[in-house]
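Residues per chain, in single letters:
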Amino acid sequence: MKRIYLLIFCTLVALSSWAQEGLAIKEIFDGKVIRKEQIQETYIKGELLKEYKLNTLRTIKFTASETEREKAEAIFMKDLENNRLTESESCKLEVRNNHLYYAIVQLSDTGKQHRYICFQGKKTGQDYAITLVYIEGMATLTELEHTFKRK
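These figures come from a predicted structure and were not determined experimentally.

Peer 1: Help me understand the overall build of the protein chain in this model?
Peer 2: A tally of regular secondary structure across the protein chain gives four helices and six strands. Sequence-ordered secondary structure for the protein chain, helices as α and strands as β, is α-α-β-β-α-β-β-β-β-α. Each of the 151 residues in the protein chain was classed as buried or not, and the buried ones make up 40%. For the protein chain, contacts bridging at least 24 residues in sequence account for 53% of all contacts bridging at least 6. For the protein chain, the accessible surface area stands at approximately 9,300 Å², while carbon and sulfur atoms represent 54% of it.

Peer 1: Please explain the pattern of salt bridges as it appears in this structure.
Peer 2: A side chain of one charge can pair with a side chain of the opposite charge if their charged atoms are brought near each other. Taken as a whole and judged by the stated rule, the model has nine salt bridges. In this structure, the salt-bridge partner of Arg69 is Glu70, at a minimum N-O distance of 3.8 Å. With relative accessibility at 4%, the residue Arg69 sits in the buried group. Residue Glu70 is classed as partly exposed on the basis of its relative accessible area of 41%. Where Arg69 meets Glu73, a salt bridge forms, and the shortest distance between an N and an O atom there is 2.4 Å. A residue pair is termed a helical-turn pair when its members lie 3 or 4 positions apart in one helix, as Arg69 and Glu73 do in helix 3 (residues 66–83) at four residues. For Glu73, a relative accessible area of 15% translates into the label buried. Salt bridges here are not isolated pairs; linked through shared partners, they connect Glu66, Arg69, Glu70 and Glu73.

Peer 1: What's the story with the side chain of His114 in this structure? I'm lost.
Peer 2: Mapped onto the elements, His114 comes out in strand 5 (residues 113–124). On the accessibility criterion, His114 (18% relative accessible area) is buried. Of note is the side chain of His114, whose polar atom sits 3.2 Å from the side chain of Gln106.

Peer 1: Explain the environment of Phe62 to me, please; I cannot follow it from the model alone.
Peer 2: Relative to the helices and strands, Phe62 resides in strand 2 (residues 54–64). Overall, Phe62 belongs to the buried group, its relative accessible area being 5%. With 26 residues separating them in the primary sequence, Phe62 and Lys36 have C-alpha atoms 9.5 Å apart. Residues in contact with Phe62, not counting those within four places in the same chain, are Ile28, Ile34, Gln38, Ile39, Ala72, Tyr128, Ala129 and Ile130.

Cut-offs applied
Residues numbered from 1 in each chain as written. Predicted model: local features only at pLDDT ≥ 70, side-chain atom pairs only at ≥ 80, totals over all residues. Heavy atoms only, no water. Helix = DSSP H or I, 4+ residues; strand = E, 2+ residues; numbered from the N terminus. Buried < 20%, exposed > 50% of the residue type's maximum accessible area, 1.4 Å probe, protein only. Contact = heavy atoms within 4.5 Å. Areas by Shrake-Rupley, 256 points an atom, 1.4 Å probe, with all protein chains shown as cover. Salt bridge = Lys/Arg side-chain N within 4 Å of Asp/Glu carboxyl O. Polar contact = N/O pair within 3.5 Å; in protein donor to acceptor, adjacent residues only side chain to side chain.

So, in structure tokens, the structure goes:
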């Protein structure tokens, strides 16, 4: 029984890593910017997301220093510039105090699905609370904004 659980766990890890293939943010999800021990990760796939017209949702949250925030923001912006759709409606950005505060970006689609990356960076004392999200599904950008209402 333990072998089955181990096999399932390894499969989920491989699938979640594959989802960001070709994106610069993969190195953040893989723990190359922030150590894996500092990252809170949520990975949801399948039926739980069906009502939201999604099939993959991978979220990481971590606390970052100024240097780590700058690096994470630069990596996110690299994907924004290299992979987003050309339409101006495919990207919502908010900058506060010269830092990326909030972004939701529709990437070029893979087949029949839409792909999105989201970023939120809030200052908390000397550090930043950063949330990074990767999403796949049929939902439009407008539907996602409605589902994940910004606070």
